[in-house]
Number of protein chains: 2
Amino acid sequence: MLKAIQILGPSSSGFVSLSYRLKRKPQANCDLYFLSRKPIKASNLSSSRSKTPSFAFRVRKGRAFIAPQMSHIHSEANPYGASSSSSPSSSTSALVQSTGSIRKINFCQSCGGQTKHEIPDGEEKTRAICTSCGKITYENPKMVVGCLIEHENKILLCKRKIHPSFGLWTLPAGYMEIGESAAEGAIRETWEEANAEVEVLSPFAHLDIPLIGQTYIIFLAKFKRPHFSPGPESSECQLFALNDIPFDSLAFSSMLVTLQLYIEDTKVGRPMFHYGIINKRPGTSPSEIHAYTLDHHLKS
Amino acid sequence: MLKAIQILGPSSSGFVSLSYRLKRKPQANCDLYFLSRKPIKASNLSSSRSKTPSFAFRVRKGRAFIAPQMSHIHSEANPYGASSSSSPSSSTSALVQSTGSIRKINFCQSCGGQTKHEIPDGEEKTRAICTSCGKITYENPKMVVGCLIEHENKILLCKRKIHPSFGLWTLPAGYMEIGESAAEGAIRETWEEANAEVEVLSPFAHLDIPLIGQTYIIFLAKFKRPHFSPGPESSECQLFALNDIPFDSLAFSSMLVTLQLYIEDTKVGRPMFHYGIINKRPGTSPSEIHAYTLDHHLKS
């Protein structure tokens, strides 16, 4: 699949208009993506039903996130691999898993039959199809849910005691489970990682990371009582003043973006709700958490 | 698992405070949930790490959604079962699958070994564990992404030409795919279901339906050009004035809630961002789309 982005430039309304074109390689296993920013002409944007459409957004003009000095090489390919994910704990294999795990689906979960990797009738993407019972296995992005807890003008962070990103700081967050809501999941994760009981106040951020098949849903929250201590996956939990947040020692791009957005919002008065897409800068490693762009940033 | 909700009652601040308690049945296969609203005493809310915590929200006082007359029995257990979901197309089995499909995981996707259903070391939930290679299979909620497109004070709806909810109206929406963002997915689904090219304007709603393991992410959008026609999964596409929306013939609770919220917002001036949890009223069938409560409604 070739994914090209057209940046038409800033408009007078404070928005930039970006057009997308997704080209699929027939029979491809959907596990390799190339992200480019070369312009594509409007005349190339097809509206024919028989072709993949061009997609367009109108988004607010992006604020440039100035990445603080990077002093660590971090991995965020599979931030929560060990918990509630179908991803293996290896960050590298997790990246492959997230974007193209179809190749790892060798057998049918229902009947144990071997799978073939083909485009099913009436569909456009290659899927794992059981050669015995015919069942198609679909893979969908996963939601990571967490809390941004402010207490006396400080933010609660947890230092990870597990891999990946061992020893680095994160907001309490983890994979949303079947049977719970996003808010319940965020509260549960905060309990599990920081022994903190919190109340969810409002939704704050929805950040997609298409490259690794993850969506981060972060809520603003407050302590029910101002108690916290490290849970089994944390070595420390600490409140940081906004000026003291350890941006050089954060575990994941998603947390960096969330904290940056929150600090920006506090400067202008009140928290907004933010939607955005975190894309890795071309040519950088998934482990470099500061090497991202926040695209299609929308506020409500 | 027993899921009990404590409603402490409305506060003077215009919020109601609700406490949750999740009790797990050890060794349970997590495929049966019971939702009750009986009060539980505050003294029963444990903060011990060894027990499942009590969870609490502060949420805005819910506006009562008056369900329009129900003239159809609809199924929403698996609204997008045939597309990009691991759920089977049967709505009943999909419900079971979504909330407790672990019992359907009989074999390991990697090595084909048989699975056992146990709580892994260091975890709290029963998972499918391969008896051959030891791999744990996790199941996570799925995101359904879609667009609410207003054009000349009318909303675009599509009449479904597929089951479930054949012949009923919905916003264009479908499962988010690996490798795309939520906004891209919403634009893609709108193209596929209504042949319409749209621009996403802002995030509008995040609605969790824990009972069926789905999260709806709906964006406000507008036509790039005012053209639409039925895609392969739609028999009709039509613009409806807000007063003419066919509330008696909608396909899913999520769409009913989204449209109700939008209409409410238009009355007060501008669209907000909405978070909420759609719970079925106890004792009602999953197929009754009007038999829901919108809980923990938060706005940004």
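As recorded by an unreviewed UniProt entry, chain A carries the name Nudix hydrolase domain-containing protein and is attributed to Fraxinus pennsylvanica.

Help me out: how do you make sense of the overall build of chain A in this one?
Helix and strand counts for chain A stand at three helices and 16 strands. In chain A, buried positions account for 59% of the 300 residues. Sequence separation of at least 24 residues holds for 64% of the intrachain contacts in chain A that already meet a minimum separation of 6. Carbon and sulfur atoms form 52% of the exposed surface of chain A, whose accessible area is close to 11,400 Å².

Is there a simple way to think about the sheet that holds strand β6 (residues 127-130) of chain A in this case?
Pairing between the strands of a sheet is mediated by backbone hydrogen bonds and can be parallel or antiparallel. Residue and element names in this part refer to chain A. Within the open sheet, the three strands sit side by side as β5-β6-β7. Their pairing is antiparallel. Unpaired on one side and paired on the other, β5 (115-118) and β7 (136-137) mark the two borders of the sheet. Taken together, the two bridges between β6 and β7 define a ladder with antiparallel strand orientation. In the strand pairing of β7, I129 is matched with I136.

Please clarify how the side chain of S234 of chain B should be interpreted in this entry.
Along the chain, S234 of chain B falls in strand β14 (residues 234-241). Among residues more than four places away in sequence, those in contact with S234 of chain B are C158, K159, K161 and E193 of chain B.

What's the story with the environment of I149 of chain A in this structure? I'm lost.
Residues and elements named next belong to chain A. With respect to the helices and strands, the residue I149 is situated in strand β8 (residues 142-151). Relative accessible area serves as the criterion here: at 0%, I149 is assigned to the buried category. Spatially, the C-alpha atom of I149 lies 9.4 Å from that of T190, the residues being 41 residues apart in sequence. Setting aside chain neighbours within four positions, we find I149 in contact with K154, I155, L156, P172, T190, V198, A221, K222 and F223.

Would you mind going over the sheet that holds strand β7 (residues 136-137) of chain B with me for this structure?
If you walk across this open sheet you meet the three strands as β5-β6-β7 (chain B), and the pairing is antiparallel. Pairing within the sheet leaves two strands with one partner each, and these edge strands are β5 (115-118) and β7 of chain B.

What is the right way to look at helix α2 (residues 182-194) of chain B in this model?
Note on helix geometry: an α-helix contains 3.6 residues per turn, so any two residues three or four positions apart are oriented the same way. Residue and element names in this part refer to chain B. The end-to-end C-alpha distance of α2 is 18 Å, a good match for the 18 Å that 13 residues give at a rise of 1.5 Å each. Taken together, the buried positions of α2 are A182, A183, E184, G185, A186, I187, R188, E189, T190, W191, E193 and A194. N195 occupies a position one or two residues after α2 and carries a positive phi of about 50°.

The rules behind the values
- Residues numbered from 1 in each chain as written.
- Chains lettered and ligands numbered in written order.
- Predicted model: local features only at pLDDT ≥ 70, side-chain atom pairs only at ≥ 80, totals over all residues.
- Heavy atoms only, no water.
- Helix = DSSP H or I, 4+ residues; strand = E, 2+ residues; numbered from the N terminus.
- Buried < 20%, exposed > 50% of the residue type's maximum accessible area, 1.4 Å probe, protein only.
- Contact = heavy atoms within 4.5 Å.
- Areas by Shrake-Rupley, 256 points an atom, 1.4 Å probe, with all protein chains shown as cover.
- Pairing = 2+ DSSP bridges.
- Expected span 1.5 Å × (residues − 1).

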